[in-house]
Amino acid sequence: MARFTLPRDLYHGKGSLESLKNLKGKKAIVCVGGGSMKRFGFLDRAVDYLKEAGMEVKIFDGIEPDPSVETVMRGAEVMLEFQPDWIVAMGGGSPIDAAKAMWIKYEYPDCTFEDMCKVFGIPSLRKKAQFCAIPSTSGTATEVTAFSIITDYSKGIKYPIADFEITPDVAIVDPDLAETMPQKLVAHTGMDALTHSIEAFVSTANCDYTDALAIHSIELIQDNLIKSYNGDMAKRDTMHNAQCLAGMAFSNALLGIVHSMAHKTGAAFADKGAHIIHGAANAMYLPKVIKFNSKDETAKKRYGIIADYMKLGGKTDDEKVDLLIKYICSMNDALNIPQCIKNYGADSYPTDNGFVSEEVFLERLPEIAKNAIGDACTGSNPRQPSQEEMEKLLKCCYYDTEVDF
Ligand SMILES: NC(=O)c1ccc[n+]([C@@H]2O[C@H](COP(=O)([O-])OP(=O)(O)OC[C@H]3O[C@@H](n4cnc5c(N)ncnc54)[C@H](O)[C@@H]3O)[C@@H](O)[C@H]2O)c1
Ligand SMILES: [Zn+2]
């Protein structure tokens, strides 16, 4: 038996933010990030709509990118004091993910962060509040997923919280919010979305329901991402739907080791002055992982199907895999994303002198590889890597060398 879970309601299309007026309740807390939602007027509009719905509204702002355990605990305290019956999270993946984890702690104040990280181990929520998510980036699709990614900075590790309990009740996918994204954010979040749909399609937990969503989102991303990056707002609007479809696919089919590696490298070099941004990490690792996974016959066939839908040509599955890899690398070039960690600058752009030195990378490699194998996304990857293979794979992602094992 398999389960397929999505939010109860999804409002989409330009202006759909207004559907906040439909929420029924007494008190809403609005969780946002560092200021973009306020700056562009979306926060004020959301607050007004909620007030029109007759609710008392409190704002919890300042949620940082790649939110920390401490921020989650702080937000939960505020919720415990305010006692909202709606949690409305608006912004990129970071504030929405943080609000999901705050929700768990609000409903179960004794729940520790370690408790939250037990995969599919969250007790029943919705005793105190329902959850509405409004994305402003076109990538994580956290508005429809059963996941929340929180960083433990004391360990430099991102932990996924995974349970259908945290799939939001309402998602509002209004492309107006995505139109203010700077170019770099379009690139990173868009490649995150592509990775979601490709990993979901080859995941061992794929099914007919998730395949349809994954394939259609891949086609939409192929047709729209680069044009959206270059400023075409109609394409930007379509990307907002595409990333959401990818999210519906991966929330139910799960992901693979591209994400395991991105989670475990993202903050691993934070002491050297930067993060490897989630979407950029995925974009660099995806071609390498496709090559690694294609040693598995079923995965190879499935990559071939993706290449066919993308009309990339090729006669054999091996040819199709290579064409798919080439195509993804060309997308990285078009989006100004490096092909490997060695060339990843502190500003995320390609450079000859990346911020992660070879020495530091090699020193931390065994630990990162071990953590990546232990990541919750590894279980559904079509090929299970050994410690040695994961280290080799990460080295290929560092040096941009051929995966031949
Ligand atoms: N929950 C999931 O299923 C899931 C899936 C993938 C990734 N993630 C996590 O999500 C996080 C990344 O989220 P993200 O990529 O959406 O970015 P983000 O939320 O971290 O935001 C990045 C920056 O973009 C700004 N921003 C957001 N929307 C904007 C807009 N419309 N206009 C201008 N600026 C805007 C923010 O203020 C912030 O400074 C990571 O922690 C990642 O691990 C979660
Ligand atoms: Zn992702």
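Note that the coordinates shown come from a computational prediction; the quantities given were computed from them, not determined experimentally. (Residues numbered from 1 in each chain as written. Chains lettered and ligands numbered in written order. Predicted model: local features only at pLDDT ≥ 70, side-chain atom pairs only at ≥ 80, totals over all residues.)

Looking now at the overall build of the protein chain. In terms of regular secondary structure, the protein chain is built from 14 helices and eight strands. In terms of overall size, the protein chain behaves like a compact globule, its C-alpha atoms giving a radius of gyration of 20 Å where 405 residues would be expected to give roughly 22 Å. Split into buried and exposed, the 405 residues of the protein chain put 54% on the buried side. Of the contacts made within the protein chain by residues no fewer than 6 positions apart, 76% connect residues no fewer than 24 positions apart. (Helix = DSSP H or I, 4+ residues; strand = E, 2+ residues; numbered from the N terminus. Rg over C-alpha atoms; globule rule 2.2 N^0.38 Å. Buried ≥ 20, exposed ≤ 12 C-beta atoms within 10 Å, placed from the backbone. Contact = placed C-beta atoms within 7 Å.)

In this section: the site of ligand 1. In the vicinity of ligand 1, 30 residues are found, and the nearest of them are G92, G93, S94, T137 and F147. Elements that contribute at least two residues to the shell around ligand 1 include exactly α4 (93-107), β6 (147-152), α6 (183-202) and α10 (278-293). A per-class count over the shell around ligand 1 returns eight nonpolar, 18 polar and four charged. Viewed by domain, the shell around ligand 1 spans two of them, domain 1 (9-178) and domain 2 (183-399), each represented by three or more residues. (Near = placed C-beta within 6 Å. Nonpolar A, V, L, I, M, F, W, Y, C, P; charged D, E, K, R; others polar. Domains from an automatic or database assignment.)

Structurally, K300 can be placed in helix α11 (residues 297-309). With 19 C-beta atoms counted inside 10 Å, the residue K300 sits in the partly exposed group. Spatially, the C-alpha atoms of K300 and N336 are 28 Å apart, while their sequence positions differ by 36 residues. Those residues in contact with K300 that lie beyond four places of it in its chain are S294, D317 and V321.

Glancing now at the domain arrangement of the protein chain. Under the domain assignment, the protein chain is made up of domain 1 (9-178) and domain 2 (183-399). Using only C-alpha atoms to locate each centre, domain 1 and domain 2 end up separated by 26 Å. Taken residue by residue, the interface counts 25 residues in domain 1 and 29 residues in domain 2. Elements with a minimum of two residues in the side of domain 1 that touches domain 2: β6 and β7 (157-162). Broken down by element, the residue count for the side of domain 1 that touches domain 2 peaks at four residues, all from β7. When its residues are assigned to classes, the side of domain 1 that touches domain 2 shows twelve nonpolar, nine polar and four charged.

What follows deals with the sheet that holds strand β5 (residues 130-135). As summarised here, the arrangement of the six strands in space is β1-β8-β5-β4-β2-β3, forming an open sheet in which the pairing is parallel. Here the strands that pair on one side only, and so sit at the sheet edges, are β1 (9-12) and β3 (56-60). Between one strand axis and the next, the sheet turns by 15 degrees as a mean value, whatever way the strands run. Each of β2 (27-31), β4 (86-91) and β5 touches α4; the most contacted strand, β4, lies at about 160 degrees to it. (Pairing = 2+ DSSP bridges. Axes fitted to C-alpha atoms, helices over the stretch in contact; angles between N-to-C directions.)

Below, the discussion takes up unusual backbone geometry. Even without being a glycine, A141 presents a positive backbone phi close to 60 degrees. Summarising the element assignment, A141 is placed in the loop between β5 and β6. Of note in the backbone geometry, N336 takes a positive phi value of approximately 60 degrees without being a glycine. Among the residues examined, N336 registers 14 C-beta atoms within 10 Å and is labelled partly exposed.

The terminal C-alpha atoms of helix α8 (residues 233-253) lie 30 Å apart, and with 21 residues this matches the ideal 30 Å at 1.5 Å per residue to within 8%. One or two positions beyond α8, positive phi appears at L254, with a value near 70 degrees. (Expected span 1.5 Å × (residues − 1).)

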